[in-house]
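# Structural description and commentary
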Amino acid sequence: MQQSSPSEDRPPYRDPARPIDERVADLLSRMTLDEKLNQLVSMWLYVSGAEERVAPYQDKFADEAPPWQEMIKNGLGQLTRVFGSAPIEPGAGAAALARLQDEITSAGRFGIPAMAHEECLAGFTAWNATAYPVPLAWGASFDPDLVREIATKIGNDMRSVGVHQGLAPVLDVVRDARWGRVEETIGEDPYLTGTVGAAYVAGLESTGIVATLKHFAGYSASRAGRNLAPVSMGPREFADVILPPFEMALRHGGARSVMHAYTDTDGMPSASDESLLTALLRDEWGFDGVVVADYFGIAFLHMLHGVAGDLGHAAELALRAGVDVELPNARCYVEPLAERVRSGALDEKVVDQAASRVLRQKCELGLLDPDWSPQVSPPEDLDPPENRELSRRLAAESIVLLSNSGTLPLNGPLERVAVVGPLADDPMAMLGCYSFPAHIGVSYPDWPVGIELPTFRAALAEHFGAEKVSHAKGCELPDGPTDLDEAIRTAASADVCIAVVGDQAGLFGRGTSGEGCDAADLRLPGEQEELVEALLGTGVPVVLVVCSGRPYALGRLADRLAAAVQVFFPGEAGGAALVDVLTGVVNPSGKLPVSIPAESGANPGTYLTARLGTRSDVSSLDPTALFPFGHGLSYTGFAYRDLRISADRVPTDAEVEITCTVANIGDRDGVEVVQLYLRDPVAQVTRPVRQLAGFLRVEVPADGARQVSFRLHADRTSFTGAGGRRLVEPGEIEVHIGGSSSDTPLTGSFELVGEPREAGHDRVLTTPAHAE
């Protein structure tokens, strides 16, 4: 590997025995401006070959990056998606990445490798790699431990082929379900999002992969649910709803990277917001990692936001704000930024600051060590049986039984089962828009999918026997011809009809869910509601399965269904997991991470609302959810009793223990997600009528009972007060415990006493819970 000077046997930056800060300072002192700037950019070599866009305005930027050899002569900061841009076998991809690294280290004076980043939102976005359930399914599982285990598998797979950084998780809290990227989120509650998201980060980081939190911050509140639309949000909602998941993932997950959001909040684009990316993230929260741009986001300061006069101005604004690395290509941070420095508009010290952060991270990853090698030993299989089993477990845990008249589980004598709907026999129905087949595979129709994707119909046929399962599509998704007559005949001749409807994931209008696939309302896409109406008219019991990336309004159908099941894109093993739940092999335990509305126009709205956001007699519109946040049934029943609060009066800097007993009153073992909600009935600003403060998945045997305990610190009651600072305020705090946000049979209270206390970033962020 080439050294900076043949007279130096081992310059300080190559010496692993020296402190990292000393190594980085030594290397930085040797670099020219151009070499520093090249550490702040990435190259996307495959971007111009794709037929379909995977990033906003990708087609406008595809061929504007500097030539490869010209670029790498000064080194290179990152490589963009070597695996996630085209189908490539694991071994061939690892070899290609190693060759690129060899070229980079040979071309530059210092032999510094690039960091390779990939998407990993629903598994490693690479051909042949396991497709796991989407993040909304993580939220539905309420199982941070399993999510962490899966993230560890994903991280190990990425490391095995030479990848260093994963662009996940998404920590945006759902504010409007019409937004196409709801499937990428964990849910509509900041505590659920933060707890599950931090677990994913911890798993990924435990393997050495740099986890990248996105999108910082406010993206999910885009006006009218339109992707990249402006965000209209006050600072209090921003602080109390949007920011906490990021705080949790940094403090408890250990994330080393953050990605800015595309949007502007109250007119300030995230990419140029110094108060967000520096004053808050670094100065107040103490983040010392690397901030990366969302793809082309720096150029958007000029092109879309209109706050920069040209690309150099955009680069200066972003760098000053705290964006260290431009992704996915070198467009703003090389020559345009160099011109700003050379003209005196920008002090080179600002470049040095970003470059030092990048080099520090590379040093921590071992990329500056003299024995670093690009060669790895990739596995032959990125979708081994243990991965598929984990995917199936998470899929099963995330399936939510919404309603059931007694038809489920399907364990009685059935002569014929009809499975009807546009998603019933579609393997792509399992996948979110960031799974490789949906994300990239659509551009390569001649390539095999790369993984096994059994459909719902195939899984039912395997369980019941193909001769007992009949099928009709009924309608196309999103548009196309319908054949309701065939669907009606198929359903009418069966003992039970399973109607599988929902979404087709895609990007930028190529689907009904996914990035850039926003919805005008929350009606089932296309003619699917008409299809279900026709099936209900047969008189045959209809089990509705909604497989989607967002919640859809079911109020016009719900009371006539034999049962309703919600599935959020469940990954490659989703068909088998659904059949396990429908037939009772698995007792359902999923809970809704997002509310399901009764009416298609009931948006935007989440359970996390103040009193004026609830039903009242001064409006003819009822926003009450059909199935609320946290809802989910089981094939057994649970009863709550014996609420105990350890103290009536709790100092504003102390904690209280809250315990209850949950009993299984049915005849089979089950899992209940015990949920703790708080309400502050009188505060200096309006507060939610109910907010999740803790939860725990609890296995309860038939006719058995478990005691569940929550250790709640007063910090968990804090909120942004009238003066704009986060406070723990004295006064009554109501306690509500149960199986959903609207089903809390246990109610009590305690009083916070003492002086109001400011709670900063070092406050207690979690509510530990355990069961006995």
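Scroll up for the structure.
The present account deals with the structure reproduced in this document.

Reading the values: the criteria
- Residues numbered from 1 in each chain as written.
- Predicted model: local features only at pLDDT ≥ 70, side-chain atom pairs only at ≥ 80, totals over all residues.
- Heavy atoms only, no water.
- Buried < 20%, exposed > 50% of the residue type's maximum accessible area, 1.4 Å probe, protein only.
- Helix = DSSP H or I, 4+ residues; strand = E, 2+ residues; numbered from the N terminus.
- Arc of directions from axis to C-beta.
- Contact = heavy atoms within 4.5 Å.
- Pairing = 2+ DSSP bridges.
- Salt bridge = Lys/Arg side-chain N within 4 Å of Asp/Glu carboxyl O.

## Comments concerning helix α14 (residues 335–342)
Taken residue by residue, α14 has L337, A338 and V341 as its buried positions. Take α14 and look down its axis: the buried residues cluster within an arc of 100 degrees, on one side only. Of the surrounding secondary structure, the elements contacted by the buried residues of α14 are α2 (33–38), α13 (311–321) and α15 (348–364). Taken from the residues just after α14, G344 is the one with a positive phi, measuring 90 degrees.

## Some details on the side chain of D580
Structurally, the position occupied by D580 is in helix α21 (residues 574–582). By relative accessible area, which is 13% here, D580 ends up buried. The residues touching D580, leaving out its near neighbours within four places in the chain, are R392, V585 and V586.

## A closer look at the sheet that holds strand β23 (residues 726–728)
If you walk across this open sheet you meet the 3 strands as β22-β23-β26, and the pairing is antiparallel. This sheet does not close on itself; its edge strands, each paired only once, are β22 (719–720) and β26 (757–758). As defined by bridge partners, β23 adjoins β26 across 2 bridges and the pair is classed as antiparallel. Directly across from V728, in β26, lies its bridge partner R757.

## Regarding the pattern of salt bridges
Here the structure, examined in full by the defined rule, presents 43 salt bridges. Salt-bridge contacts for R18 lead to E22; the nearest nitrogen and oxygen are separated by 2.4 Å. Residue classification places E22 among the partly exposed residues on the basis of a relative accessible area of 34%. E734 is paired through a salt bridge with R679; the nearest N and O atoms lie 3.1 Å apart. Separated by 55 residues along the polypeptide, E734 in strand β24 (residues 731–738) and R679 in strand β19 (residues 670–679) bring together distant segments of the chain. The two residues E734 and R679 agree in class, both being buried. Salt bridges here are not isolated pairs; linked through shared partners, they connect D15, R18 and E22.

In short, geometric facts, not functional conclusions.
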